[in-house]
Amino acid sequence: MDARILDYMQRYRFKKVVICNDSDSGLRAVIAIHSTALGPATGGLRMWTYEREEDAIFDAMRLARGMTYKYAAAGVDLGGGKAVIIGDPKTQKTEALMRAMGRFIDQLGGEYITGEDVGTTLDDMETLYSETNHVVTLPEHAGGAGDISPATALSSVLATKACALRVWGDDSLKGRTVALQGLGVCGSKALTLMLDEGARVTVTDVDADKVAAAVAEYGVESCTPGEIYDLDVDIFAPYALGAVVNDDTLGRLRAKVVAGSANNILAEERHGDEAQARGITYAVDYVANSGGTIFDTDRFRKGGFQPARAWANVRRVYDRTLEVFSIADRDGIPYYRAADRLAEARIEAINKVRLLDTNRKPVDHR
C-alpha cells in the first residue's frame, strides 16, 4: 500500500496503532485499534513473516478495521482491533516472546482483547493468558469456547450457500464445482462440509503434505497454488490469506461465486466493483467468516457461554448474507459497501441509544 500510515489512520478513523518491541525476547509487533464504539477492540493475534515492517502495520490496520465491521454486522457489542507479530511462527515463536506480547496487551488495560489467528494457537493463547486477562480465544479448560474453526467453517459455507441461492436460485451445493484455496484448520473443515453437501472440490495449499492428505482421505482433485485461479469452476473458495482477488487474479477467475473464510479477500475495494461488473457474486468476507468470532465471544454475553445460543447465532450468517444482497440491490451499491452500510447502521443506532441513556441520567448538583 502506498498510503502513509497517519493518512491511512485519519482516512479510516483509527483510534491508535501501538508499535511493540522487546529486545530480550526478540518481539517485534503491532497492535492496531480501529474502534471501541461498541466495546473493547477485539481481534486475533497473527504471527507472520513480512517483507517490510510497513506491510505488517498495514496488515494489522486492515484487519482491525475489518473486525469493527465484522462485530457490528454480526450483532456483537465489540470494537475492532488486531495484532501481528513479525516473525516465522515455526522457527521464531518462543514462550518468552509470547509472554512479552501478553504484557504489551495488558498495558492497554482492556482496550484491546486478543485471540487466536494465523500463526498462533490455543496453546499460545493460554501462554498470553498467564500475562493478561484480555484474551477471548481460550481452551475449554481455561474457560473459553475451545476450537472455533468449526464455527468459522460453517458460517463461511452458509454464506456460500446464500451466494448459490442468489446466482442459481437454489442454495444446494450438490454438483457444484469448487476451487478451495487453503487447507488449514478452517479450510479442511469447510472441505468436509462442502463434500457432505455433494460439491465437487479441487484443493490447493502451499503445504503439499496437506494436499496429499486431503486427496488420500477424500479422493478430491488437486492443483498447484498458482493454478487455482484458472480452474473452470462454479465457486472460488479462499480459505487462506487475503488479497487474493487482485489485479493479477481477477481476470483469470471463471467462477460465478467468491466465498470463503479468508480475511480481506479483496486486495482493494475497487476489485469488489470490478468483480461485480464481471458478474461475480461475492460473500463479503467479514460477514462470511464471522462464525468463529460469534461463537468465541458468546461467553461475554449474559449467562456466559451457551453453546446452543452460540450455534444459533452462527447460523444467522446465511440470512445476514442475503440481507447484504438486499441492501446492495436496494441502494445500487457493490456488495462490500452494502455490508459496510449494514454494520455502520448498527454502530450508529447503538451509539444513539447510548447517548440517549447518558442524557437521561440525573445530574447530581451536590
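Residues numbered from 1 in each chain as written. Predicted model: local features only at pLDDT ≥ 70, side-chain atom pairs only at ≥ 80, totals over all residues. Heavy atoms only, no water.

J.: Just give me the short version of the overall build of the protein, but keep the residues and values in it.
T.: Secondary structure assignment for the protein yields 13 helices and eleven strands. A principal-axis box enclosing the C-alpha atoms of the protein has dimensions of 70 × 50 × 45 Å. Here the protein, with 366 residues, has 53% of them falling under the buried criterion. Counted over contacts in the protein with a minimum sequence separation of 6, partners at least 24 positions apart contribute 64%. For the protein, the accessible area works out to roughly 16,700 Å², and carbon and sulfur atoms hold 48% of it. Averaging the coordinates of the 44 positive side-chain charges in the protein and doing the same for the 53 negative ones gives two points 7 Å apart. (Helix = DSSP H or I, 4+ residues; strand = E, 2+ residues; numbered from the N terminus. Buried < 20%, exposed > 50% of the residue type's maximum accessible area, 1.4 Å probe, protein only. Contact = heavy atoms within 4.5 Å. Areas by Shrake-Rupley, 256 points an atom, 1.4 Å probe, with all protein chains shown as cover. Lys, Arg positive; Asp, Glu negative; His and termini not counted. Charge placed at Lys NZ, Arg CZ, Asp CG, Glu CD.)

J.: Go over helix 11 (residues 307–315) with me, naming the residues and quoting the values.
T.: Those residues of helix 11 that sit buried are Ala310, Asn313 and Val314. Considered in projection along helix 11, the buried side chains sweep an arc of 105° and stay on one side of the axis. Those residues of helix 11 that are buried lie in contact with helix 5 (149–168), helix 10 (291–296) and helix 12 (317–331). (Arc of directions from axis to C-beta.)

J.: Describe the environment of Ala345, with residues and values.
T.: You can see Ala345 is positioned in helix 13 (residues 335–360). Judged by its relative accessible area of 42%, Ala345 is partly exposed.

J.: So what's going on with the sheet that holds strand 3 (residues 41–48)? Residues and values would help.
T.: Read across the open sheet, the five strands follow the order 1-2-4-3-5; overall the sheet is mixed. In this open sheet, the two strands that pair with only one neighbour each are strand 1 (16–22) and strand 5 (112–116). The average undirected angle you get between the axes of adjacent strands in this sheet is 25°. Of the pairings in the sheet, the one linking strand 1 to strand 2 (residues 27–35) comprises seven bridges and is antiparallel in character. Note that in strand 2 the partner of Asn21 across the bridge is Arg28. Most of the contacts of helix 3 (residues 95–107) go to strand 2, to which it runs at about 35°, and overall it touches strand 1, strand 2, strand 3, strand 4 (79–86) and strand 5. (Pairing = 2+ DSSP bridges. Axes fitted to C-alpha atoms, helices over the stretch in contact; angles between N-to-C directions.)

J.: Tell me about the pattern of salt bridges, and please be specific about residues and values.
T.: The tally for this structure, following the rule as stated, stands at 29 salt bridges. With its nearest N and O atoms 2.7 Å apart, the salt bridge here joins Asp117 to Lys82. Here Lys82 lies in strand 4 and Asp117 lies in the loop between strand 5 and helix 4 (122–129), a separation of 35 residues in the sequence. With a relative accessible area of 3%, Lys82 lands in the buried category. One network of salt bridges, in which partners are shared, links Arg46, Asp59, Lys82 and Asp117. (Salt bridge = Lys/Arg side-chain N within 4 Å of Asp/Glu carboxyl O.)

J.: Hey, could you go over helix 12 for me, with residue numbers and the actual values?
T.: When the terminal C-alpha atoms of helix 12 are compared, their 21 Å separation across 15 residues agrees well with the 21 Å that a helix rising 1.5 Å per residue should span. Taken residue by residue, helix 12 has Val317, Tyr318, Arg320, Thr321, Val324, Phe325, Ile327 and Ala328 as its buried positions. Positive backbone phi, at 65°, marks Gly332, one or two positions downstream of helix 12. (Expected span 1.5 Å × (residues − 1).)

J.: Can you lay out the packing of aromatic side chains for me, pointing to particular residues and giving the numbers?
T.: Counting across every chain of the model gives eight aromatic pairs. Centre to centre, the rings of Phe325 and Tyr335 are 5.2 Å apart; their planes meet at 65°, and the pair counts as edge-to-face. Taken as a pair, Phe325 in helix 12 and Tyr335 in helix 13 lie far apart in primary sequence, ten residues in all. By relative accessible area, Tyr335 is classed as buried at 6%. By the ring-pair criterion, three or more aromatic residues cluster together here, those being Tyr8, Tyr12, Phe14 and Phe58. Positioned above the aromatic ring of Trp168 is the side chain of Arg176, whose terminal nitrogen or guanidinium carbon lies 4.0 Å from the ring centre. (Phe/Tyr/Trp six-rings, centres within 6.5 Å; stacked < 30°, edge-to-face > 60°. Lys NZ or Arg CZ within 6 Å of the ring centre and 35° of its normal.)

J.: Talk me through the nonpolar core; I want residue IDs and the actual numbers.
T.: The biggest cluster of nonpolar side chains holds 80 residues, and the ones touching the most others in it are Met194, Val203 and Phe236. The element that contributes the greatest number of residues to this core is helix 5, accounting for nine residues. Those residues in contact with Phe236 that lie beyond four places of it in its chain are Ala179, Gln181, Ile228, Tyr229, Val244, Leu253, Ala255, Val257, Val258 and Ala259. Judged by nonpolar contacts, the second largest core, of 22 residues, contains Leu27, Ala83, Met125 and Leu138. (Core = buried A, V, L, I, M, F, W, Y, C linked by side-chain atoms within 4.5 Å.)

J.: Hey, could you go over the pairing of strand 9 (residues 235–238) for me, with residue numbers and the actual values?
T.: Successive side chains on a regular strand alternate, one facing one side of the sheet and the next facing the other. Both faces of strand 9 are covered, namely the face carrying Ile235 and Ala237 and the face carrying Phe236 and Pro238. Judged from the two bridges that link them, strand 9 and strand 10 (residues 257–258) form a sheet pairing that is parallel. Opposite Ile235, over in strand 10, you have Val257 as the bridge partner.

J.: Go over the packing of helix 5 against helix 12, please, and point to the residues and values.
T.: Relative orientation of the contacting elements helix 5 and helix 12 amounts to 45°, with a least axis distance of 8 Å. One finds that helix 5 runs oblique with respect to helix 12. By crossing handedness, the relation of helix 5 to helix 12 is classed as right-handed. In this structure, helix 5 uses Ser155, Leu158, Ala159, Lys161, Ala162, Cys163, Leu165 and Arg166 to contact helix 12, whose residues at the interface are Val317, Tyr318, Thr321, Leu322, Phe325 and Asp329. Grouping the amino acids of the contact of helix 5 with helix 12 by side-chain chemistry returns nine nonpolar, two polar and three charged. (Parallel < 35°, antiparallel > 145°, perpendicular 65-115°, else oblique. Left-handed = near helix turned anticlockwise from the far one by under 90°. Nonpolar A, V, L, I, M, F, W, Y, C, P; charged D, E, K, R; others polar.)

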